[in-house]
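Residue-level listing of the chains:
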Amino acid sequence: GQAAVAVYWRDLYFKRCGGLLEDKETHMASSWYHMAIGYDAAYYGYLWSEVLALDAFSRFQVEGGSVCLDSQIGEHFRDHVLLPAARLDGSAMITGFLGRATSDEPFLRSIAVLP
């Protein structure tokens with residue numbers, strides 16, 4: 001219910017904001033008006049681009065090792081994402097680079113939803 005959402009928000013805010021506590025008299029989650037003024041689609045677009053960026057970066061991490069600087073992966077990224085630019089559908093470019101369907105797991109790990 002509403003109490004569970006408030007507790008979830010408080011805990012998430014504390015974890016993601018460096019240990020800051022939300023004032024007991026405020027309810028940030030219910031006062032964030034962006035979703036009510038037509039900004040919802042743009043915000044979703046920004047968030048989805050972060051999901052895709054972290055998924056692409058995960059390939060560098062997994063295959064490139066701790067340094068993340070593998071020239072073959074970089075060339076593959078250039079050839080499949082940067083060079084085609086807007087001539088291809090974005091999902092085709094990212095899946096071409098990844099060699100698989102996209103995943104939200106790297107993003108979920110980055111916000112501590114997954115270990």
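Above this text you will find the structure in question.
Everything quoted here is computed from the prediction, not taken from an experiment. Each chain has its residues counted from 1, following the order in which its sequence is written. Only residues with pLDDT of at least 70 are given local features in this predicted model, and only at 80 or more are side-chain atom pairs given and counted; all residues enter the totals for whole chains, interfaces and linings. Excluding hydrogens and water, the side-chain values take into account all heavy atoms of the structure.

Trainee: Please give an account of the side chain of Arg-59 that cites residues and values.
Mentor: Every helix listed is a DSSP run of H or I at least four residues long, and every strand listed is a run of E at least two residues long, numbered separately from the N terminus. Counting through the fold element by element, Arg-59 comes out in helix H3 (residues 40-64). The buried label goes to any residue with under 20% of its type's maximum accessible area, the exposed label to any with over 50%, and the partly exposed label to all in between, with areas taken from a 1.4 Å probe on protein chains only. On the accessibility criterion, Arg-59 (15% relative accessible area) is buried.

Trainee: Explain the packing of helix H4 (residues 71-82) against helix H5 (residues 90-98) residue by residue, including any values.
Mentor: An axis is simply a line fitted to the C-alpha atoms; with a helix, the fit covers only the stretch in contact. Between two such axes, the angle follows the N-to-C directions and lies from 0 to 180 degrees. For the pair H4 and H5, the least separation of the axes is 8 Å and the interaxial angle reads 155°. Between H4 and H5, the interaxial angle falls into the category roughly antiparallel. In the crossing of H4 with H5, the sense of the turn from one axis to the other is right-handed. Across from Ile-73, His-76, Phe-77, His-80 and Val-81 in H4, the residues of H5 making contact are Met-93, Gly-96 and Phe-97. Split into classes, the residues belonging to the contact of H4 with H5 amount to five nonpolar, three polar and no charged. Geometric relationships in this document are graded by angle, where less than 35 degrees denotes roughly parallel, more than 145 denotes roughly antiparallel, 65 to 115 denotes roughly perpendicular, and other angles denote oblique. Should the near helix be turned counterclockwise from the far one by less than a right angle, the crossing is left-handed, whereas a clockwise turn marks it as right-handed. Contact criterion: two residues are considered in contact whenever any of their non-hydrogen atoms come within 4.5 Å of each other. Residues were grouped as follows: Ala, Val, Leu, Ile, Met, Phe, Trp, Tyr, Cys and Pro as nonpolar; Asp, Glu, Lys and Arg as charged; and all remaining residues, including Gly, as polar.

Trainee: Pulling in residues and values, what's your account of the environment of Gly-74?
Mentor: Following the sequence through the fold, Gly-74 ends up in helix H4. Classification of Gly-74 as partly exposed rests on a relative accessible area of 27%. A sequence separation of 14 residues divides Gly-74 from Phe-60, and the C-alpha atoms of the two residues are 8.1 Å apart.

Trainee: I'd like a rundown of the pattern of salt bridges, residues and numbers included.
Mentor: We count a salt bridge whenever a side-chain nitrogen from Lys or Arg sits within 4 Å of a carboxyl oxygen from Asp or Glu. Tallied over the full model, the rule gives three salt bridges. A salt bridge links Arg-78 to Asp-79; its shortest N-O distance comes to 3.2 Å. Arg-78 sits in the partly exposed class, given a relative accessible area of 38%. A relative accessible area of 39% places Asp-79 in the partly exposed class. Salt-bridge contacts for Glu-105 lead to Arg-109; the nearest nitrogen and oxygen are separated by 3.8 Å. With Glu-105 and Arg-109 both in helix H6 (residues 105-110) and four residues apart, the pair spans about one turn of that helix. By relative accessible area, which is 41% here, Glu-105 ends up partly exposed.

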